Amino acid sequence: MDGFIEKLGIRSVNQGISAGQHYMGSTGSLLTSYSPVDGSQIARVYLADADGLDTVVRKAEEAFLQWRTWPAPKRGDIVRQIGNKLREFKLPLAKLVSYEMGKSLQEGLGEVQEMIDICDFATGLSRQLCGVTMQSERPGHRMYEQWHPLGPTAIITAFNFPVSVWSWNAMIAWVCGNTAIWKPSEKAPLCAVACQNLVAGVFAENHVPEGVSCLLTGGRELGERIAREPRIPLVSATGSTAMGRSVGAAVASRLGRSILELGGNNAVIISKEADLELAIRASVFGAVGTAGQRCTSTRRLIIHEAIYENFKEKLITAYRQLKIGDPLEEENHVGPLIDKKAVDNYLEAIEACKQQGGTFVVEGGVLQGEAFKSGCYVKPCVAEVAPQMPIVQRETFAPILYIMKYSSIEEAIALQNGVPQGLSSALITLNIREMELFFSSSGSDCGIANINMGTSGAEIGGAFGGEKATGGGRESGSDAWKNYMRRQTNTINWSESLPLAQGIVFGV
Ligand code: NAD
């Protein structure tokens, strides 16, 4: 430990933390955060209740009235400064991500880099929130559309990307002129406090109204309250499909807008014409990176029958070389799962897989000993399965990889699409026909489709999200910003008459 928590401006971690001037939801009761790396208690953070939510929403509404009048490029400049602050604090923040969530330091650094990238993207975007001009059917009329901010935006995030998913939403929401209320995962609250502190400093220097950035810490119940809150026009929620079903229904019932980023069950198809070395690297990183706790983790490999045995042997060899341990140590490839509940889910899935007829070619298990004293370290494992087994259809948030055979590319695509989720997909091939089929309307049904790479590791420049049980939301790059704004069509009559649309005559 080299004082990275203190470097982020956080003091008295065990006495209870409130997150700087923009945090207004404290109840007096405390949430404890434990590190899966060594089991230590690392922080106690004040929980928000219904009154806290009410205070925060009022503050966010008041702040919105001012913030929406600031020119978007000015808001963009403030987001640019947040990007610079993140550059300055990249290492301590990445270490905190690694320590509180358990991903490797390299992945923690990557996550903070993603935040920096979205700040740069949002800064540019602040000058490009463009509408189009249409041709009017009436003489002497001009018609165009413009985009306005919505109001307070709630951002509910999952534990596995404890900082970047918030930033994908918040940076875009802010340049669009919205205020942001963040409810982070109850499993990684200290990361949220650290981000809030960094933002609070930048906002104070720029005299940003209090309430543009708010943090509410709490669990499911608080999330449910947020979903029902009619003063929040947009809820962006990232997490399990079960959570999304609940949030989506609650927000829809009050005719609010939601962006749902939910679970995946991502597959890589390995063609007989694949570069096998590349396929092995892509598959192993996709399956064991973040200990299989990415929404885009590779859960299934669909392998051509002609290379199946050869590829399986290569996979077993690669798995033997994996080093499991403290994610802050550079030589380790795989860190812990988030908590003991996640370990139980992993063990249950292995048991279910065996009972449903799966055969493990790389065995799983929980690691014991002083280096693994948190009880959260598990072995990445590989099972040969039949595609329709119920366990294969489900997302288990752990490093369990299912492998299966195919004989034609059409069959492989059908297997890949034949699960409830639709987030990320990949095909490894050097055959252009297979490639084009995979990208065609008869190809992958996922929000993300890759060739000659794995399923995980998206760039912020694209719109991120998936179909079916993944929720259909899109956030981050491309034109995802439109989800954070309302569209208005404007028509101006500059003629001296009043022609009606569709040629209607109204003779008064
Ligand atoms: P989770 O669903 O348990 O919790 C996610 C967040 O939702 C937390 O903040 C939690 O407090 C809140 N929450 C839970 N139930 C709620 C409810 N009924 N109403 C309102 N809020 C509720 O998920 P998790 O274990 O933190 O994260 C893992 C899941 O997230 C996986 O399924 C993973 O695939 C998914 N995920 C998806 C994406 C994506 O972009 N598609 C990204 C990251 C994680």
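As the structure is a prediction and not an experimental result, all values here were calculated from the model.

Asks: I tried to follow the overall build of the chain on my own but got confused; where do I start?
Replies: What the chain contains, in helices and strands, is 15 helices and 21 strands. On C-alpha atoms alone, the chain measures out to a radius of gyration of 24 Å, which is about the 23 Å that the 2.2 N^0.38 rule sets for 508 residues. Projected onto the principal axes, the alpha-carbon positions of the chain cover approximately 80 × 60 × 40 Å. Each of the 508 residues in the chain was classed as buried or not, and the buried ones make up 57%. For the chain, the proportion of contacts with a sequence separation of at least 24, taken over those separated by at least 6, is 74%.

Asks: Can you help me understand the domain arrangement of the chain in this one?
Replies: Note: interface size is frequently given as the accessible area lost on complex formation between the parts. Looking at the assigned domains, one finds that the chain contains domain 1 (4-262 + 471-488) and domain 2 (266-451). Between domain 1 and domain 2, the C-alpha centre-to-centre distance is 31 Å. Of the residues lining the interface, 21 residues belong to domain 1; the matching set on domain 2 comes to 21 residues. When domain 1 packs against domain 2, the two sides together hide about 1700 Å² of surface, and 63% of this comes from carbon and sulfur. Three residues stand out in domain 1 for area buried against domain 2, namely Pro-36, Val-37 and Glu-107, and they jointly supply 29% of the buried area on that side. At the junction of domain 1 with domain 2, the criterion picks out one salt bridge. The interface formed by domain 1 and domain 2 includes six residue pairs in polar contact (both at pLDDT 80 or more). Those elements giving two or more residues to the side of domain 1 that touches domain 2 turn out to be α4 (90-101) and α5 (105-125). It is α4 that provides the largest number of residues to the side of domain 1 that touches domain 2, a total of five residues. Residue composition of the side of domain 1 that touches domain 2, by class: eight nonpolar, six polar and seven charged.

Asks: When you look at unusual backbone geometry in this model, what are you seeing that I'm missing?
Replies: Trans is the common state for peptide bonds, and a negative phi is the common state for residues other than glycine. Backbone geometry places His-207, a non-glycine residue, at a positive phi of 55°. Locating His-207 in the fold gives a position in the loop between α7 (189-205) and β7 (213-215). Of note in this structure, Ser-478 is not a glycine but carries a positive phi near 50°. Mapped onto the fold, Ser-478 is located in the loop between β20 (475-476) and β21 (485-493). Relative accessible area serves as the criterion here: at 42%, Ser-478 is assigned to the partly exposed category.

Asks: What exactly am I supposed to notice about the site of the ligand here?
Replies: Every one of the 29 residues lining the ligand counts as a neighbour, but Thr-157, Glu-186, Ser-240, Leu-262 and Glu-395 are closest to it. With respect to the ligand, the side chain of Glu-395 contributes an N or O atom lying 2.6 Å from an oxygen atom. Protein coverage of the free-state accessible area of the ligand, which is 850 Å², stands at 92%. The set of elements that each furnish at least two residues to the shell around the ligand consists of α8 (220-228) and α9 (241-253). Classifying every residue of the shell around the ligand by side-chain character gives eleven nonpolar, eleven polar and seven charged. Each of domain 1 (4-262 + 471-488) and domain 2 (266-451) contributes no fewer than three residues to the shell around the ligand.

Asks: Looking at this structure, how should I read the packing of helix α3 (residues 72-88) against α5?
Replies: Two numbers describe a pair of packed helices, the interaxial angle and the distance between the axes. Remark: α3 packs on α5, axes separated minimally by 8 Å, with the N-to-C direction vectors making an angle of 160°. Relative to α5, α3 is oriented roughly antiparallel. When you trace α3 past α5, the crossing you get is left-handed. Counting all contacts with α3, which are made through Gly-76, Val-79, Arg-80, Ile-82, Gly-83, Leu-86 and Arg-87, the residues of α5 involved are Val-112, Met-115, Ile-116, Cys-119, Asp-120, Ala-122 and Thr-123.

Asks: Honestly, the sheet that holds strand β9 (residues 257-261) in this entry has me stumped. Any pointers?
Replies: Adjacent strands of a sheet pair through backbone hydrogen bonds, lying either parallel or antiparallel. Read across the open sheet, the five strands follow the order β7-β6-β5-β8-β9; overall the sheet is parallel. Strands at the two margins of the open sheet, each flanked by one partner only, are β7 and β9. Sheet twist, expressed as the average angle between the axes of neighbouring strands with direction ignored, equals 15°. Here strand β5 (residues 152-156) pairs with strand β6 (residues 179-183) via five bridges, running parallel. Bridge pairing in β6 links Thr-153 to Ala-180. Across the sheet, α9 lies against β8 (234-238) and β9, angled at about 170° from β9, the strand it touches most.

Asks: Can you help me understand the sheet that holds strand β13 (residues 381-384) in this one?
Replies: In space, the seven strands of this open sheet follow the order β12-β13-β14-β11-β10-β16-β17, with mixed pairing throughout. Of all strands in the sheet, those bounded by a partner on one side alone are β12 (359-362) and β17 (448-451). For this sheet the average axis-to-axis angle between neighbouring strands, irrespective of direction, equals 25°. In this sheet, β17 lies alongside strand β16 (residues 424-428) in parallel orientation, the contact comprising four bridges. Bridge pairing links Leu-427 to Ile-451 in β17. Running over the sheet, helix α14 (residues 409-417) touches β10 (266-270), β11 (298-304), β14 (400-406) and β16 and is turned about 150° from β14. The sheet contacts of helix α15 (residues 432-439) involve β10, β16 and β17, and relative to β17 the element is tilted by about 175°.

Asks: Looking at this structure, how should I read the packing of aromatic side chains?
Replies: Remark: the centre distance and the inter-plane angle together describe each pair of aromatic rings, the angle taken between the planes. The final tally for this structure, using the stated rule, is eleven aromatic pairs. Ring plane angle 80° and centroid distance 6.0 Å describe the contact between Phe-4 and Tyr-99, whose orientation is recorded as edge-to-face. Placement of Phe-4 in helix α1 (residues 4-7) and of Tyr-99 in helix α4 is noted, with a sequence separation of 95 residues between them. Taken individually, Phe-4 and Tyr-99 each receive the classification buried, so the pair is uniform in this respect. With a centroid separation of 6.3 Å and 45° between ring planes, the pair formed by Trp-67 and Phe-203 is classed as tilted. With Trp-67 in helix α2 (residues 50-67) and Phe-203 in helix α7, this pair connects stretches of sequence that are 136 residues apart. Here the two residues Trp-67 and Phe-203 agree in accessibility, since each one is buried. The aromatic ring of Phe-161 is capped on one face by Lys-103, whose charged end is 3.8 Å from the ring centroid.

Cut-offs and rules
- As a convention, each chain's residues are numbered from 1 in the sequence order in which they are written.
- At least 70 in pLDDT is required for a residue's local features to be given in this predicted model, at least 80 for side-chain atom pairs to be given and counted, and no such filter applies to totals for whole chains, interfaces and linings, which use all residues.
- Think of the side-chain values as coming from all heavy atoms in the structure, minus any hydrogens and water.
- Only DSSP runs of H or I with at least four residues qualify as helices, and only runs of E with at least two residues qualify as strands; both kinds are numbered from the N terminus onward.
- C-alpha atoms define the radius of gyration in this analysis, and the globule rule sets the expected value at 2.2 Å times the number of residues to the power 0.38.
- Exposed residues in this analysis have more than 50% of their type's maximum accessible area, buried residues have under 20%, and partly exposed residues fall in between, with area computed by a 1.4 Å probe over protein chains only.
- The contact criterion used is simple: two residues touch if any of their non-hydrogen atoms lie within 4.5 Å.
- Delimitation of the domains relies on an automatic or database domain assignment.
- Buried area, as used here, totals the accessible surface that two parts lose on assembly, with accessibility defined by a 1.4 Å probe and the loss added over both.
- Any carboxyl oxygen of Asp or Glu that lies within 4 Å of a side-chain nitrogen of Lys or Arg is treated as forming a salt bridge with it.
- Definition of a polar contact: a pair of N or O atoms within 3.5 Å, with one able to donate and the other able to accept a hydrogen when the atoms are protein atoms, and with sequence-neighbouring residues admitted only if both atoms are side-chain atoms.
- Ten residue types, Ala, Val, Leu, Ile, Met, Phe, Trp, Tyr, Cys and Pro, are classed as nonpolar, four, Asp, Glu, Lys and Arg, as charged, and the remainder, Gly among them, as polar.
- When at least one non-hydrogen atom of a residue lies within 4 Å of a molecule or strand, that residue is treated as near it.
- Residue burial considers only the protein chains on display, and all accessible areas are found by Shrake-Rupley using a 1.4 Å probe.
- The axes are straight lines fitted to the C-alpha atoms, using for helices just the contacting stretch, and the angles between their N-to-C directions are given from 0 to 180°.
- Oblique is the label for every angle not falling under 35 degrees (roughly parallel), over 145 degrees (roughly antiparallel), or within 65 to 115 degrees (roughly perpendicular).
- By convention, the crossing between two helices is left-handed when the near helix turns anticlockwise from the far helix through less than a right angle, and right-handed when the turn is clockwise.
- DSSP-based pairing: two strands are paired if at least 2 bridges between them are found.
- Aromatic rings from Phe, Tyr and Trp, with only the six-membered ring used for Trp, were paired whenever their centres fell within 6.5 Å, and each pair was classed as stacked if the ring planes differed by under 30 degrees, edge-to-face if by over 60, and tilted otherwise.
- Only when the NZ of Lys or the CZ of Arg is both within 6 Å of the ring centre and within 35 degrees of the ring normal is a charge said to sit over the ring.

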